[in-house]
Amino acid sequence: MSRVHNARPIHMAGGPADPRAGATGTQDTMLAPRHLPRLAATIGLFTRYGLADFARDQGLAALGKDDQHGPGDNDGDAAATARAFRERLVELGPAYIKLGQVLATRSDLLPPAYIEELETLQDGVEALPFPEVASIIEEELGARLRQLFPSIDVEPLGTASLGQAHAATLRDGREVVVKVQRPDIRGPLADDIEFFHALATFLTDHTATGRRVDLLGILHQLERALADELDYRIEARNGAHFRRRLAAFPHLLVPRVIEGYSTGRVLTTERVRGMKVSEIPPIARTELELGPLAEELTRAYLQQIAVDGHFHADPHPGNIFLVLPTDRNPLTPAEVVTYGGDADGLPESGTRIARDEREALQVAPPAPTFLEPKLALIDFGMTAHLVPSMRDRCVRLLYGLADDQGEDVAEVLIEMGEALPDFDRATYVREINGLVASAHGADVAELEAGALLNNVIGASYQRGLRLPADLTLLAKTLVHLGGVTRALDPTFEPARAVRENVNEIVAARMRSRLNPRLVYRALSEGADLMSALPRRLDAITKRLADNELSAKLEVPQLGVLVDGLQKVANRVFSGLVLAGLIVASAMLLPHRRALGTAGFMIAGAIGLYMVGSILWTDRQAARDRRSRPS
């Protein structure tokens, strides 16, 4: 079912608005007492399901307790243990399912066997009774079920913890899929999100992994995924947006949203029939030329990432279908424009979804022959937005990965990330350069931007460079995209496609910046600057003439250096005082034995105190250094 990322955050009932709201609010970020049992049980997921070493390394093992449902660490079969871990997440409910789906993007945290299992995580649960489904549809759409859908299948096409989908037919004969949200799920989800907020804040302040990984960023992805999935209107807008953006690619089919039959809890879209790309039989690859489809899909994703800044973040084989000419399917915008038909279904309203559909028909190129296969993309719940600066860096990053430019890749990642105190720039650049170079010496099947980006992210985590959580979502998208293109054409080279299309992508990116709105804003800002410039220059020259111009220099480590010098000065001064006291006592000893002896005793006490204090502070500093991420 749908998964949503990086859309606008909305507050669920009882959910905190601030990422830190789950904590108690104190400066030591201690967990609220009500969260402690769930903390132990959640940590127990790791200690019980084959990840005890990970929990121990991060200082979490003492906080957890064994999950009695797990197989334990003694099974020895990593794949079976990872599978049991995935199944346990499904049992715990929607929030843990989404947490697992987000963790599937973090190959820098979990072993490969767990990543593979979590990537296949499906939240299939027992289906809702059909009378309850019918009641929700009638309540949301305001009409009797048979008036809305003359025929609807009682058995669902798929079920999930948040909703389920049924095949149906509209009154005009169009085949559709109706997705219905389960009732009474907001309360439990809000409680889970509140706990995850508290847990992420606690781990960020008290564990090595929390300091190195953007746990709050991961949590924001999880919260947006859950909050947005509770409003099907967001997925409807995403689907209409991508139908418009991908209309320029005539071999890509995005089903149309049936706006009049969609609400926050019911989503109706055209039905797509085809085969999953992972299930294409060998004979079909022999008879059909699928390489151009892989090329077009890659170009479409490069445009989404680099030009639009809004990309479909879940292109796994279950969401992309091969549509054959013999299949009965809705038309693409290019086919509507070229061959006509389906005109009665075009929206007349002025809503955003309707505008997207009309714009799709305006930009659609001539359609290819009906005899050519196409790819259909469904489920636009999980999407990601990139700000303009992030898009530019992603373009440079992808080009560097594809063109064996390891130093450029390292520099872009350093710009994106946050360097921790132990980060060694020179060592990091050498390691990233080596990773990129070794990948380009591998076979074509291994040369994949997504897998390479995952390796680079893992190295960054180890070396003390904390990268934004959105970058891992991009890596996951590229990994899935590589799997889809290989399923279509095993000889397809994603790196070559990136290199060949990057110039076109950059040109399209520049053209997108030249639209009238952006030009007007640039001219307006330039006019404001020019009007203010004389006044600012006059103020600067006046202060310069009055000798009032000053400069401020900030040295990040200056405070640490001053503290260290002050500590050295204190020790030297104390040593001089102690030496003076010893010398004075020695001079008094022949003449006033009692006073000299007392002086020696005081000097000895002061000396022991100084030695003990120095040993204590040095040992404490050594413990602090060891507790930092290595």
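Please refer to the structure placed before this passage.
Here is a short report on the structure shown in this document. Please read all numbers here as calculations on a predicted model, not as lab measurements. (Residues numbered from 1 in each chain as written. Predicted model: local features only at pLDDT ≥ 70, side-chain atom pairs only at ≥ 80, totals over all residues. Heavy atoms only, no water.)

1. Side note on the overall build of the protein chain
Consideration 1: Looking only at helices and strands, the protein chain has 24 helices and 13 strands in total.
Consideration 2: The buried share of the protein chain, taken over its 630 residues, is 48%. (Helix = DSSP H or I, 4+ residues; strand = E, 2+ residues; numbered from the N terminus. Buried < 20%, exposed > 50% of the residue type's maximum accessible area, 1.4 Å probe, protein only.)

2. A few points about the side chain of His-480
Consideration 1: Positionally, His-480 belongs in helix H20 (residues 469-488).
Consideration 2: A residue is classified by how much of its surface remains accessible, and His-480, at 8% relative accessible area, is buried.
Consideration 3: Each residue touching His-480, except ones within four places of it in the same chain, is listed here: Glu-119, Asp-314, Pro-315 and His-316. (Contact = heavy atoms within 4.5 Å.)

3. Here we look at the packing of helix H13 (residues 291-308) against H20
Consideration 1: Direction vectors running N to C along H13 and H20 enclose 165°, while the axes themselves pass 9 Å from each other. Relative to H20, H13 is oriented roughly antiparallel. Considering the relative orientation of H13 and H20, their crossing is right-handed. Contact residues: Leu-293, Ala-294, Leu-297, Thr-298, Tyr-301 and Ile-305 in H13; Leu-474, Thr-477, Leu-478, Leu-481, Val-484, Thr-485 and Leu-488 in H20.
Consideration 2: Residues of the contact of H13 with H20, tallied by class, amount to ten nonpolar, three polar and no charged. (Axes fitted to C-alpha atoms, helices over the stretch in contact; angles between N-to-C directions. Parallel < 35°, antiparallel > 145°, perpendicular 65-115°, else oblique. Left-handed = near helix turned anticlockwise from the far one by under 90°. Nonpolar A, V, L, I, M, F, W, Y, C, P; charged D, E, K, R; others polar.)

4. A short note on the sheet that holds strand S10 (residues 374-377)
Consideration 1: Strand order in the open sheet formed by four strands is S5-S10-S9-S7, and the pairing between neighbours is mixed. Strand pairing shows two members of the sheet lacking a second neighbour, strand S5 (252-253) and strand S7 (275-276), which therefore form its edges.
Consideration 2: Relative to strand S9 (residues 320-323), S7 is paired through two bridges, and the arrangement is antiparallel. Among the inter-strand pairings, Met-275 is bridged to a residue of S9, identified as Leu-322. (Pairing = 2+ DSSP bridges.)

5. Regarding the packing of aromatic side chains
Aromatic ring pairs are defined here through the distance separating the ring centres and the angle between the ring planes.
Consideration 1: Taken as a whole, this structure holds four aromatic pairs when the rule is applied.
Consideration 2: Here the aromatic rings of Phe-85 and Tyr-114 are separated by 5.7 Å at their centres, their planes lie at 70°, and the arrangement is edge-to-face. Of this pair, Phe-85 sits in helix H3 (residues 78-92) while Tyr-114 sits in helix H5 (residues 112-119), and the two are 29 residues apart along the sequence.
Consideration 3: Residue classification places Phe-85 among the buried positions, given a relative accessible area of 2%.
Consideration 4: A cation over an aromatic ring shows up here: Lys-179 above the ring of Tyr-232, its NZ or CZ 5.2 Å from the ring centre. (Phe/Tyr/Trp six-rings, centres within 6.5 Å; stacked < 30°, edge-to-face > 60°. Lys NZ or Arg CZ within 6 Å of the ring centre and 35° of its normal.)

6. So, the side chain of Asn-329
Consideration 1: Locating Asn-329 in the fold gives a position in the loop between S9 and helix H14 (333-339).
Consideration 2: Within the local environment of Asn-329, its side chain forms a polar contact with the backbone nitrogen of Arg-273, the two atoms lying 2.6 Å apart.
Consideration 3: Those residues in contact with Asn-329 that sit more than four places away from it in its chain are Leu-253, Arg-271, Val-272, Arg-273 and Val-323. (Polar contact = N/O pair within 3.5 Å; in protein donor to acceptor, adjacent residues only side chain to side chain.)

7. Considering H13
Consideration 1: When the terminal C-alpha atoms of H13 are compared, their 25 Å separation across 18 residues agrees well with the 26 Å that a helix rising 1.5 Å per residue should span.
Consideration 2: Taken across its 18 residues, H13 has 15 buried, putting it largely inside the fold.
Consideration 3: Once H13 ends, the next one or two residues include Gly-309, with phi positive near 70°. (Expected span 1.5 Å × (residues − 1).)

8. Topic: the nonpolar core
Consideration 1: Core analysis: the largest hydrophobic core is formed by 39 residues, its most contacted members being Leu-397 and Leu-413.
Consideration 2: Of all the secondary-structure elements, those providing two or more residues to this core are H13, helix H16 (388-402), helix H17 (406-416), helix H18 (425-440), helix H19 (449-463), H20 and helix H21 (494-512).
Consideration 3: In contact with Leu-413, not counting residues within four places along its chain, are Leu-397, Tyr-428, Val-456, Ser-460, Leu-465, Leu-467 and Leu-471.
Consideration 4: Judged by nonpolar contacts, the second largest core, of 32 residues, contains Leu-99, Ile-193, Leu-199 and Ala-469. (Core = buried A, V, L, I, M, F, W, Y, C linked by side-chain atoms within 4.5 Å.)

9. Here we look at a nonpolar patch on the surface
Consideration 1: A contiguous nonpolar surface patch, about 580 Å² in accessible area, is contributed by Met-530, Leu-533, Leu-537, Ile-540, Leu-544 and Leu-549.
Consideration 2: By the element assignment, Ile-540 lies in helix H22 (residues 516-545).
Consideration 3: Given a relative accessible area of 45%, Ile-540 falls into the partly exposed group. (Patch = residues over 30% accessible without salt bridge, like charges linked within 9 Å, V, L, I, M, F, W, Y side chains within 5 Å. Areas by Shrake-Rupley, 256 points an atom, 1.4 Å probe, with all protein chains shown as cover. Salt bridge = Lys/Arg side-chain N within 4 Å of Asp/Glu carboxyl O.)

10. Examining helix H6 (residues 130-141)
Consideration 1: Its twelve residues give H6 an end-to-end C-alpha distance of 16 Å, which sits within 8% of 16 Å, the value for a rise of 1.5 Å per residue.
Consideration 2: Along H6, the positions that sit buried rather than exposed are Phe-130, Val-133, Ala-134, Ile-136, Ile-137 and Leu-141. Seen end-on, H6 carries its buried residues on one side only, within an arc spanning 160°. Turned more than 90 degrees away from the buried face of H6, the exposed residues are Pro-131 and Glu-139.
Consideration 3: Of the residues flanking the end of H6, it is Gly-142, one or two places downstream, whose phi is positive at about 70°. (Arc of directions from axis to C-beta.)

11. With respect to the pattern of salt bridges
Consideration 1: Tallied over the entire structure, the rule returns 18 salt bridges.
Consideration 2: For the salt bridge of Glu-235 with Lys-179, the shortest nitrogen-to-oxygen distance reads 3.0 Å. Within this pair, whereas Glu-235 is found in helix H11 (residues 232-245), its partner Lys-179 is found in strand S4 (residues 175-181), the two being separated by 56 residues in sequence. Lys-179 shares its class with Glu-235; the two are buried.
Consideration 3: In this structure, Glu-431 engages Arg-463 in a salt bridge whose closest nitrogen and oxygen atoms are separated by 2.5 Å. Of the two residues, Glu-431 sits in helix H18 while Arg-463 sits in helix H19, which places them 32 residues apart along the sequence.
Consideration 4: Taking the relative accessible area as the measure of exposure, Arg-463 reaches 37% and is therefore partly exposed.
Consideration 5: Connected through shared salt-bridge partners, Glu-175, Arg-273 and Arg-328 make up one network.

12. Remarks on the packing of H3 against helix H4 (residues 94-103)
Consideration 1: Between H3 and H4, whose axes approach to 5 Å, the crossing angle comes to 145°. Only Tyr-96, Ile-97 and Gly-100 of H4 make contact with H3, whose side of the interface consists of Leu-89, Val-90 and Leu-92.
Consideration 2: Grouping the amino acids of the contact of H3 with H4 by side-chain chemistry returns five nonpolar, one polar and no charged.

Coordinates in, geometry out; function isn't part of it.
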